[in-house]
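# Residue-level structural notes
This is what each chain is made of:
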Amino acid sequence: MTPDKPLTVWRRRQLIIAFLFILPALINFTVFRYIPIVEAFRASLFQYSLLGGYGDFIGFQHYQRILTDPVFWRSLQATVLFVVYKVPLQIVLSLGLAIFLSRQTVGTAVVRSAILTPMVTSIIIVSIIWAMMYQSQNGLFQSMLLTMGLKKTPFLSDINLALPAVSVMMIWKDIGFSFIIFVAGLKGIPETYYEAAIVDGANRWQIFWNITLPLLRPVLMFVIVTQTIFSFQVFVPVYQMTLGGPLDATKVIVYYIYQQGFRFQDMGYASAISVVTLVMLLLISWLQMRFLRAED
Amino acid sequence: MGAANLHPVHRHTAARRAYDTLAVALRILIYVVLCVIFLVPFAWMLLGSLREEREIFRYLTPFSWRTFVPINWTLDSYLTILGLNELGRAAGYNFGRNLFNSFIVSSAVVISSLFFNTMGAYFFARLPFPKKNLLLLYVIATFLVPFEVTIVPLYIVVRTLHLDNTMWALIVPWYASPFVIFSLMQFMRETIPYELDEAALIDGANYFTTLWRIIVPLSIPGLVTNALLEFQFIWNLFYWPLVAVGDRNLQVLQVVISGTLGQTQQYWGRTFAGSALATIPVVIIFLALQRYYMQGIASTGVKG
């Protein structure tokens, strides 16, 4: 068979044209998503100040510093605590709400809109308003406490209350996200399963444990994985409400990275912590995915 | 859960009827409590932005309806932050400028993102290309790149390109989105019959005409959903504009409002007004297009 020359030329042109459809996106992802990872690793091996740019090559010294930096370990602890406070409670509450509001009525439609309003609002606005609500003198919560005959409580400057206070706010803000996904997941469970269970005389609790939960498991795992990853990267509420205090009680990792990089201008060290955090997050996703597969 | 089906069919006794009434009353009570929990902070913000500064503190305690509802309704806080009265001009406020910046940045990202992501999605959904799956993997793997953790190196890259402290820094990194490409690709694959665009190609239309004439008109619901999510995402960004742009005149609304609460002398009325300005556009868009929005979020979880 002799190759049909005009056709190959035509075909090659078609391939080039097709590639032009995806090329802009590939450039974007390479420059703004992949190169930053390479850049983080490179910068972590140098002295690199915000103002002066690249300085001396120092090898793995930044990483050695991380190992012995007590503030880094405290920030890791604060981050993990935040995730532990927030994710399980958020998931239980949003699943409960999704089941409670599963009927399509005017009432549930109104409540759904209310639950979703914090989610569409900017995280910085939510943090600003809640910082004012928690505020130790004129906060809305102080007014409620005083009216109930209780004492004022400085939520954000109490070492034991600051992180829980931020967590409560973040549950309030993010609950809509997991709620919508659970509502959609519940809709995907065929009615016939429930009907069969009722015929068999199962009560609500049994139906929940033996039908709803097992059939919802893929959706549940998705929510757990994504919410863990999101929550691990919490930054804005800490920036706006506590600046990491009191006594580093709310200094989460991303805030510490910001502080090192943009406040203390040590971009090299900030990059090293970024790399370490990136690796931790990849490990967490990998472990959670493995766990998900193992049980299938 | 099909709660409606769990009720027993027979319910003729008076006790049963009383029980049902009580259950409905309890249900409505819970609805009200939920609405209060999720909406009170917004009510406080909105009503607080419409009253005199000193009223906010004066009527704070005891906790009652006066804590929220103004006695003298006024737009003073808005006029001040927009630099439209003496007070605002003297303090150098010009939030109108920052609001405008937010609109420019969000609109520019939505428009460019719709353009490039639709092309990318069409490529993955339809066009023949060798090793296309590897390219798709390259796109999807970006899902694993955590956003807030990579702000420092992203800043280094943007600075190397000399885009820092310009509005381009807020637009260029987002002109394409792996999430939107993936979601639109799914939409095209699942809802548009292959025969339609194949017929167009056989009739001699090129890829671009086929995309524009056949695929885009049939993808409108998917495009609306993604435009909505993208607008909300960009409008609400804080960390990136905070570090990428230093010039106050180029800054977006979210960042300058944050500054009002950081100052030593705080004016809560102004902070409330600024927050309301930043919130109202997204909430209105959300309420108007809620159906699309819910589909967009839900599809990330149920499919992905």
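Residues numbered from 1 in each chain as written. Chains lettered and ligands numbered in written order. Predicted model: local features only at pLDDT ≥ 70, side-chain atom pairs only at ≥ 80, totals over all residues.

### Examining the overall build of chain A
Across its full length, chain A carries 12 helices and two strands. Written out in order from the N terminus, the α and β elements of chain A read α-β-β-α-α-α-α-α-α-α-α-α-α-α. At 25 Å, chain A has a C-alpha radius of gyration far larger than the 19 Å of a compact globule built from 296 residues. Viewed in the frame of its principal axes, chain A has a C-alpha envelope of about 80 × 60 × 35 Å. Looking at chain A as a whole, 43% of its 296 residues are labelled buried. Taking contacts inside chain A between residues at least 6 apart in sequence as the whole, the part at least 24 apart equals 68%. (Helix = DSSP H or I, 4+ residues; strand = E, 2+ residues; numbered from the N terminus. Rg over C-alpha atoms; globule rule 2.2 N^0.38 Å. Buried ≥ 20, exposed ≤ 12 C-beta atoms within 10 Å, placed from the backbone. Contact = placed C-beta atoms within 7 Å.)

### Side note on the overall build of chain B
Within chain B one finds 16 helices and zero strands. Expected size for 304 residues packed as a compact globule is a radius of gyration near 19 Å; at 25 Å, chain B overshoots this value by more than 25%. Projected onto its principal axes, the C-alpha positions of chain B cover 75 × 75 × 35 Å. Looking at chain B alone, contacts between residues at least 24 apart form 70% of all its contacts between residues at least 6 apart.

### A look at the environment of Q137(A)
With respect to the helices and strands, the residue Q137(A) is situated in the loop between helix 5 (123-134) and helix 6 (140-147). Sequence separation of Q137(A) and T153(A) is 16 residues, and the distance between their C-alpha atoms is 8.9 Å.

### Topic: the interface of chain A and chain B
Where interface size is quoted, it is often the accessible area lost as the parts come together. Contacts between the two partners involve 82 residues from chain A and, on the opposite side, 76 residues from chain B. For the side of chain A that touches chain B, the element with the most residues is helix 1 (residues 5-43) of chain A, which contributes 19 residues.

### Some words on unusual backbone geometry
With an omega of 0°, the peptide bond between T61(B) and P62(B) qualifies as cis. Mapped onto the fold, P62(B) is located in the loop between helix 2 (53-58) and helix 3 (76-81). Of note, the phi angle at L247(A) is positive, near 50°, even though the residue is not glycine. Along the chain, L247(A) turns up in the loop between helix 10 (236-242) and helix 11 (253-263). Here L247(A) falls in the exposed class, since 10 other C-beta atoms lie within 10 Å of it. The phi dihedral of K131(B) falls on the positive side, at around 60°, and the residue is not glycine. Tracing the chain through its elements places K131(B) in the loop between helix 5 (95-126) and helix 6 (132-140). Residue class for K131(B) comes out exposed when judged on the 8 C-beta atoms lying within 10 Å of it.

### A short note on the nonpolar core
Of all hydrophobic cores here, the largest spans 151 residues; its most connected members are F179(A), F235(A), V254(A), I273(A), Y122(B) and I181(B). No other element matches helix 7 (residues 162-187) of chain A, which puts 15 residues into this core. Setting aside chain neighbours within four positions, we find I273(A) in contact with I66(A), F72(A), I253(A), Y256(A), I257(A) and Q260(A). (Core = buried A, V, L, I, M, F, W, Y, C linked by C-beta atoms within 7 Å.)

### Notes on the domain arrangement of chain B
Residues and elements named next belong to chain B. Segmentation of chain B into domains returns domain 1 (3-74) and domain 2 (95-302). Computed from C-alpha coordinates alone, the two centres of domain 1 and domain 2 are separated by 35 Å. On the domain 2 side, the residues contacting the six residues of domain 1 number seven residues. Broken down by secondary-structure element, the contributors of at least two residues to the side of domain 1 that touches domain 2 are helix 1 (14-48) and helix 2. The leading source of residues in the side of domain 1 that touches domain 2 is helix 1, at three residues. (Domains from an automatic or database assignment.)

### Structural notes on the pairing of strand 2 (residues 53-57) of chain A
Residues and elements named next belong to chain A. Where burial is concerned, little of strand 2 is hidden: zero out of the five residues are buried. Here strand 1 (residues 46-49) runs beside strand 2; their pairing, made up of three bridges, is antiparallel. Directly across from F46, in strand 2, lies its bridge partner F57. (Pairing = 2+ DSSP bridges.)

### What to know about the environment of W209(A)
Residues and elements named next belong to chain A. Assignment of secondary structure puts W209 in helix 9 (residues 204-232). A count of 11 C-beta atoms within 10 Å places W209 in the exposed class. Each C-alpha atom, one on W209 and one on T277, is 36 Å from the other, the two residues being 68 residues apart in sequence.

### A few points about the confidence of the model for chain B
All names here are of chain B. Here chain B averages 87 in pLDDT, and 93% of its residues register 70 or above. Segment residues 1-6: pLDDT under 50, and 15 contacts once partners within four positions in sequence are set aside and those in other chains are kept. Note on the complex model: pTM 0.89, ipTM 0.89. (pLDDT = per-residue confidence, 0-100.)

### Points about the environment of A131(A)
Here A131(A) shows up in helix 5. Since 22 C-beta atoms lie within 10 Å of it, A131(A) is described here as buried. Every residue in contact with A131(A), bar those within four places of it in the chain, is listed here: Q240(A), M241(A) and L261(B).

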